[in-house]
Amino acid sequence: MENKLHISVSPHIHGKKTTMGIMLDVIIALLPTTIAGIIIFGLRSLLVIGVCLATSVLSELLFNIITKRKQTISDLSSVVTGLILALNLPANVPVWQAVIGSAFAIIVVKCLFGGLGKNVVNPALTARVFMLVAFSSLAQVSFPVDATAGATPLVSIAEGNVPDLMDLFLGKTGGSIGETCSLALLIGGIYLLIRKVITWQIPVAFIGTVFVFSFFVQDFNATTALASVLSGGLLLGAFFMATDYVTRPVTKLGQDIYGIILGLLTGIFRIYGPSAEGVSYAIIISNLLVPIIEKYTMPKPFGKGGERR
Amino acid sequence: MAFSLKGIKVPHRKNTAGAPAERMVADKKVTLSTAMHIGRPSIPVVKAGDHVCVGTLVAKEAEGLSSPVYSSVSGNVTGISEILISNGSKVPAIVIEPDGEMTIDENITPPVIDSKESLIEAIKASGVVGLGGAGFPTYAKFATDKRIEYLVVNGAECEPYITSDTYTMLERADDIAYAIDVLVKYLNIEKVVIGVEKNKPDAIRKMEELASKGGNMSVCALPSRYPQGGEKVLVYSTTGRKIGVGKLPIDVGCVVCNCTTLATLGTFFKTGMPLVEKCITVDGSAVKSPKNVIAPIGASVGDVIEFCGGFSSNPGKVLYGGPMMGITIPDLNQPVLKQTNALIALNEKDAAPRKETACIQCGTCLRNCPMGISATEVIRAYNKGEYDRLEKLGSNLCMECGSCAFNCPANRPLVQMHKLAKSALREWKEKEAKA
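One structure accompanies this document, and this report is about it.

Scoring rules and cut-offs
- Residues numbered from 1 in each chain as written.
- Chains lettered and ligands numbered in written order.
- Predicted model: local features only at pLDDT ≥ 70, side-chain atom pairs only at ≥ 80, totals over all residues.
- Heavy atoms only, no water.
- Salt bridge = Lys/Arg side-chain N within 4 Å of Asp/Glu carboxyl O.
- Helix = DSSP H or I, 4+ residues; strand = E, 2+ residues; numbered from the N terminus.
- Buried < 20%, exposed > 50% of the residue type's maximum accessible area, 1.4 Å probe, protein only.
- Patch = residues over 30% accessible without salt bridge, like charges linked within 9 Å, V, L, I, M, F, W, Y side chains within 5 Å.
- Areas by Shrake-Rupley, 256 points an atom, 1.4 Å probe, with all protein chains shown as cover.
- Pairing = 2+ DSSP bridges.
- Contact = heavy atoms within 4.5 Å.
- Buried area = accessible area lost by both parts, 1.4 Å probe.
- Polar contact = N/O pair within 3.5 Å; in protein donor to acceptor, adjacent residues only side chain to side chain.
- Nonpolar A, V, L, I, M, F, W, Y, C, P; charged D, E, K, R; others polar.
- Axes fitted to C-alpha atoms, helices over the stretch in contact; angles between N-to-C directions.
- Parallel < 35°, antiparallel > 145°, perpendicular 65-115°, else oblique.
- Left-handed = near helix turned anticlockwise from the far one by under 90°.
- Bend = angle between axes of the 7 residues up to and from the residue.
- Core = buried A, V, L, I, M, F, W, Y, C linked by side-chain atoms within 4.5 Å.

To continue, consider the pattern of salt bridges. One pass over the structure, following the stated rule, counts 17 salt bridges over all chains. The closest approach of N and O atoms between Glu60(A) and Lys110(A), which form a salt bridge, is 2.7 Å. Of this pair, Glu60(A) sits in helix H2 (residues 43–66) while Lys110(A) sits in helix H4 (residues 95–110); the two residues are 50 residues apart in sequence, bridging distant segments of the chain. This pair shows no difference in class: Glu60(A) is buried, exactly as Lys110(A) is. Glu400(B) is the partner of Lys419(B) in a salt bridge, and the nearest nitrogen-oxygen pair spans 3.0 Å. On the criterion of sequence distance, the pair formed by Lys419(B) in helix H14 (residues 414–434) and Glu400(B) in the loop between helix H12 (387–392) and helix H13 (403–406) is long-range, its members being 19 residues apart. Judged by its relative accessible area of 18%, Glu400(B) falls in the buried class. One connected set of salt bridges, linked through shared partners, spans Arg147(B), Glu149(B), Glu190(B) and Arg241(B).

Here it is, written out as C-alpha cells:
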C-alpha cells in the first residue's frame with residue numbers, strides 16, 4: 001500500500017512551548033514557597049494543599065463530565081489554581097472551607113465562564129476573596145509553629161512597628177501558607193523569568209509602585225517601604241498571580257500600566273482600607289480593567305503608523 | 001543598516017550549506033505543469049508525439065499575467081495530462097519521455113536587448129518567475145513606469161534547511177552580477193542592495209566582492225531572524241521603507257528580486273537558455289542523504305528524493321519549500337516546479353498533528369508578528385463577522401509566515417485562521433465596493 005502523506009497548513013515545525021509545559025513551569029516555580037510554607041507552618045499546611053489540589057482537579061474533571069465537555073485536566077491549569085489558592089490560605093483553615101473555596105475557584109470563576117483562557121478574573125484569588133467574606137476563620141491567620149501568635153507584618157507596619165527584615169525575608173511571620181517566605185518566592189519568580197514564562201514588566205511595575213507609594217505615604221522610610229514590599233503576599237501576587245496570562249494585558253505597555261495600577265491600588269487598600277490586606281483586591285479589580293488597557297495599548301499594525309523596532 | 005522588525009528564532013538546520021550541488025540525470029519522465037507561476041496557466045503548444053529539445057517552448061503565456069514553459073529535457077511528448085495544483089484545481093501538464101540525449105534546441109540564442117521594452121520582453125520570454133517560492137512572473141515587476149530607486153536582492157534565505165540560494169550566491173555570483181548590470185542599465189535603477197542573513201558569512205563575502213566592483217551596490221547583513229526574507233520585512237530591513245496595506249514594493253520605489261531569480265536571468269541574458277532547471281535543497285528528517293540537487297523542472301518529487309538515497313524512514317509529510325511556509329504535496333508523483341527551492345520530507349513523528357488546547361491569552365502571537373497583528377483579535381473579529389475590525393487589525397498585512405503559530409503553546413491553527421480571515425475580508429471589501 002502506498003504511504004499516505006499528511007496535508008496541512010504551514011508551519012510544519014513548531015517551537016517547544018506547550019500550555020502544559022508552561023503550567024508545569026509555574027508549578028515548579030511555586031515549589032520553593034510551598035516547601036517553605038510546610039516547614040514554617042507545619043504539616044497542617046500540607047493537608048490544606050492536598051485538599052485544594054484534589055478538589056480543584058476533581059471539580060474540573062466532574063464539571064467536564066457533567067456538561068459533556070472535552071476533558072481538559074491534562075493542561076494542569078487546575079493544579080496551578082488549586083496550589084495558588086492553598087498558598088493563599090492560612091494553615092489552620094477548616095478542610096470543608098478549603099473544599100468549597102477550591103470548587104468555587106474552578107467551577108464558578110473558571111468553568112462557568114468557558115474554561116481555561118476565558119475567565120475574567122483570577123480564579124484562585126477570587127475564591128480567596130469569596131472565602132474572606134464568607135468565612136471568618138480566614139481572618140485569623142496562622143503563625144509559624146515555633147513562634148507565638150502576634151500581629152501579621154502588615155498590621156505591625158500599620159501600627160508603626162516595622163518587623164525584622166530578615167524574618168520577613170525568611171518567612172518567619174504570620175500569614176498564609178505560601179506568602180511569607182520572600183526568599184522562596186524570589187527564587188520561584190526568578191525561575192519564571194529565566195524560563196521566559198513571565199516578563200519583568202508586571203512584577204517590577206507592581207512591586208516598584210508599592211515601594212514608592214509606601215515610601216512617600218509612610219514617613220519617607222526606606223525600611224518601612226521595604227518591609228511592606230516583603231509582606232502581605234505582595235511577592236506571591238506580583239510574580240504568580242498578577243502575571244496570570246489569562247487575566248493580564250498582552251501588550252508590553254499595557255503590562256507597565258497594569259503593574260502601576262496594581263501597586264497604587266495595593267498601597268491605597270493597605271493604608272487607607274479597613275484591613276491591612278490589599279494585594280488580592282487590587283489584582284481582582286485590575287483584572288477587570290484589562291480589556292480597556294488592551295484596547296488603548298494595542299500596537300498599530302505595520303505601515304499604519306506603528307512598526308516596532 | 002539598523003532597521004529591524006520583530007521576528008522569531010527558528011532552528012537553522014542548514015545541513016546542506018557549502019556542499020557542492022549534484023546534477024541529477026534527467027532519464028525519467030518529466031511533467032511540466034502549466035501553472036508554475038501566479039497568474040493564468042500557460043497554454044500548451046505541443047501535442048503527443050512531438051519531439052522537443054532542452055529549451056523548446058512547450059506552453060506559451062496566456063493573456064494577462066502569465067509565463068511560458070520550456071522543455072527541460074530532449075525527448076518525445078507523450079501527452080497532455082491533468083495535474084492537481086495546490087489551490088485544489090486541475091490544470092494541463094505536458095508529459096515528456098526523455099531520450100537521454102539532452103540535445104539543446106538549436107534556436108536558442110542570446111536575446112537582443114537594446115531598450116527597456118526589449119528587456120521586459122526578454123524577461124517575459126525567459127519564463128523566469130519569482131524563484132524564492134512565490135512564482136510571481138518576474139517581467140511584471142519591472143514593467144512599471146514608476147521610478148525604481150532600489151533593486152533589493154533577496155538572499156536572506158530565512159527558512160530552515162534551505163541552502164539553494166546560498167549555493168546560487170556562492171557559485172553563480174557572476175550570473176547575478178550580469179543580470180544586475182543589464183537591469184540597472186535599461187531600467188535606470190539607482191541603487192542595488194543585497195540582503196543576506198548573517199548566518200551565511202561566505203555568501204555575504206562573495207556578495208561584497210560583487211558590490212566592490214562598482215555600480216551603486218551594497219550588501220546588507222541581516223540578523224538571522226525569521227521571516228527576514230519576507231518582502232515587506234526585507235524592504236524595511238534594507239531601506240527603512242514601509243510597504244503599507246495593499247501596497248507593492250514599487251509604491252515605495254523598490255523592486256525585490258530573489259538572488260536565484262537574478263542568476264537565472266543572468267544565464268538567459270548571456271546564452272538565451274530559459275528557465276529549465278533548478279537547484280533544490282532536499283532535506284528533512286525522512287531523507288537519507290540530504291543534498292542540493294540541480295534537477296530538471298518537471299522531474300517527479302519521488303525521483304528527486306530517490307536521487308538523494310530515498311527515504312530513511314516513512315515520510316509523513318513532503319513539502320514544496322521550507323517547513324515554515326512550505327506547501328504539503330499529496331503524492332510523490334508531483335513534479336518539481338519552477339519556483340520549487342526545496343523539497344523537505346518529514347518523518348511520521350515530525351509530521352504528526354499536534355494537539356490543540358485552549359488559548360491562554362499568552363500574547364506570544366502578537367509579540368512575534370513582524371506586522372504587529374494580534375492573531376487572537378483577528379480570530380475574535382472573524383468569528384463575530386466584524387470585517388471592518390479585521391481591516392483595522394491589519395489582517396490583510398499577514399504574509400502567512402507562521403511566526404505566530406510556531407510558538408503558540410496551545411498549538412492553535414493560527415495561519416489557517418489568518419487565511420480564512422483574509423479571504424473573508426477580501427470578499428467583504430468586494431461586496432462593499434459594489435454596494
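In this section: a nonpolar patch on the surface. Residue and element names in this part refer to chain A. Side chains of Val-212, Phe-216, Val-217, Phe-220, Ile-260, Leu-264, Ile-268 and Tyr-272 sit close together on the surface and give an oily, nonpolar patch of about 760 Å² of accessible area. At the level of secondary structure, the elements contributing two or more residues to the nonpolar patch comprise helix H9 (201–217) and helix H12 (252–272). Counting residues per element, the nonpolar patch draws most heavily on H12, at four residues. Tracing the backbone shows Val-212 in helix H9.

What follows concerns the pairing of strand E17 (residues 342–347) of chain B. Residue and element names in this part refer to chain B. Counted residue by residue, E17 has six buried out of six residues, so it is predominantly covered. Of the two faces of E17, the one lined by Ala-342, Ile-344 and Leu-346 and the one lined by Leu-343, Ala-345 and Asn-347 are each fully buried. Across three bridges, strand E13 (residues 277–283) lies against E17 in parallel orientation. Across the sheet, the residue bridging to Val-282 is Leu-343, located in E17. Two strands pair when backbone bridges link them, and strand E15 (residues 315–320) and E17 are joined in this way by five bridges, in the antiparallel orientation. Looking across to E17, one finds that Leu-319 is bridged to Ile-344.

Let us now look at the interface of chain B and chain A. Listed per partner, the contact involves 69 residues of chain B and 36 residues of chain A. Buried surface at the junction of chain B and chain A, both sides included, amounts to about 4,300 Å², of which 58% is carbon and sulfur. Taken together, chain B and chain A are joined by zero salt bridges. Seen at the junction of chain B and chain A, the total is 16 residue pairs in polar contact (both at pLDDT 80 or more). Within the residue set of the side of chain B that touches chain A, elements represented by two or more residues are helix H6 (231–239), E15, strand E16 (327–328), helix H9 (348–351), helix H10 (364–368), H12, H13 and H14 of chain B. Examining the composition of the side of chain B that touches chain A, we find that five residues originate from one element, E15(B), more than from any other. By residue class, the composition of the side of chain B that touches chain A is 35 nonpolar, 17 polar and 17 charged.

All names here are of chain A. For the pair H12 and helix H13 (residues 279–297), the least separation of the axes is 9 Å and the interaxial angle reads 150°. With respect to their mutual orientation, H12 and H13 come out roughly antiparallel. The crossing of H12 and H13 is right-handed. Facing H12, whose interface residues are Leu-253, Gly-254, Ile-257, Tyr-258, Ile-261, Leu-262, Leu-265, Thr-266, Phe-269 and Arg-270, H13 presents Val-279, Tyr-281, Ala-282, Ile-283, Ile-285, Ser-286, Asn-287, Leu-289, Val-290, Ile-293 and Thr-297. Tallied by class, the residues present in the contact of H12 with H13 amount to 15 nonpolar, five polar and one charged.

On to the sheet that holds strand E9 (residues 150–155) of chain B. Residues and elements named next belong to chain B. Strand order in the open sheet formed by four strands is E11-E10-E9-E12, and the pairing between neighbours is parallel. The outermost strands of the open sheet, each flanked by one partner alone, are strand E11 (217–222) and strand E12 (254–258). Going across the sheet, the axis of each strand differs from the next one's by a mean of 25°, ignoring polarity. The sheet strands contacting helix H4 (residues 173–187) are E9, strand E10 (191–197) and E11, and the helix crosses E9 at an angle near 160°. Along the sheet face, H6 touches E9, E10, E11 and E12 and points at about 115° away from the line of E9.

In this section: the pairing of strand E7 (residues 75–84) of chain B. Residue and element names in this part refer to chain B. As paired strands, strand E4 (residues 51–52) and E7 are joined by two bridges and run antiparallel to one another. Each bridged residue has a counterpart across the sheet, and for His-51 the counterpart in E7 is Asn-76. Looking at chain direction, E7 and strand E8 (residues 90–98) are connected through nine bridges and run antiparallel. Bridge pairing links Ile-80 to Ile-94 in E8. Taking the residues between adjacent antiparallel strands as the criterion, E7 and E8 are bridged by five residues, where Gly-88 takes a positive phi near 95°.

Glancing now at the packing of H9(A) against helix H10 (residues 222–229) of chain A. All names here are of chain A. Viewed as axis vectors pointing N to C, H9 and H10 meet at an angle of 140°, and their least axial separation amounts to 8 Å. Taken together, the axes of H9 and H10 are oblique relative to one another. Seen along the crossing, H9 lies across H10 with a hand that is right-handed. Residues Ile-207, Val-210, Phe-211, Ser-214 and Phe-215 of H9 form the contact with H10, whose own contacting residues are Ala-222, Thr-224, Ala-225, Leu-226, Ser-228 and Val-229. Each residue belonging to the contact of H9 with H10 can be placed in one class, and the counts come to eight nonpolar, three polar and no charged.

Looking now at H13(A). The principal kink in H13(A), of about 45°, is found at Leu289(A), preceding the proline Pro291(A) by one to four residues. Turning to H13(A), its buried residues number three or more, namely Val279(A), Ser280(A), Ala282(A), Ile283(A), Ile284(A), Ser286(A), Asn287(A), Val290(A), Ile293(A), Glu294(A) and Thr297(A).

Before going further, it helps to spend a moment on the nonpolar core. Formed by 79 residues in total, the largest nonpolar core has its most connected members in Phe142(B) and Leu151(B). The element that contributes the greatest number of residues to this core is H4(B), accounting for nine residues. Each residue touching Phe142(B), except ones within four places of it in the same chain, is listed here: Lys116(B), Ile120(B), Ile123(B), Ile148(B), Leu151(B), Leu183(B), Leu187(B), Val255(B) and Cys257(B). In terms of nonpolar packing, the next biggest core, distinct from the first, is built from 76 residues, Val26(A), Val79(A), Val93(A) and Leu154(A) among them.

With that settled, the discussion passes to unusual backbone geometry. Where the residue is not glycine, phi is negative for most of them; where a peptide bond is considered, it is trans in most cases. The omega torsion of the bond from Ser10(A) to Pro11(A) falls at -5°, within 30 degrees of zero and hence cis. Relative to the helices and strands, Pro11(A) resides in the segment before helix H1 (19–41). Pro227(B) follows Tyr226(B) through a cis peptide bond whose omega is -5°. Position of Pro227(B) among the secondary structure elements: in the loop between E11 and H6. Although it is not a glycine, Lys68(A) adopts a positive phi angle of roughly 55°. Phi at Arg13(B) takes a positive value of approximately 50°, unusual for a residue other than glycine. Summarising the element assignment, Arg13(B) is placed in the segment before strand E1 (22–23).

Time to look at the side chain of Thr168(B). Structurally, Thr168(B) can be placed in helix H3 (residues 164–171). Residue class for Thr168(B) comes out buried when judged on its relative accessible area of 1%.

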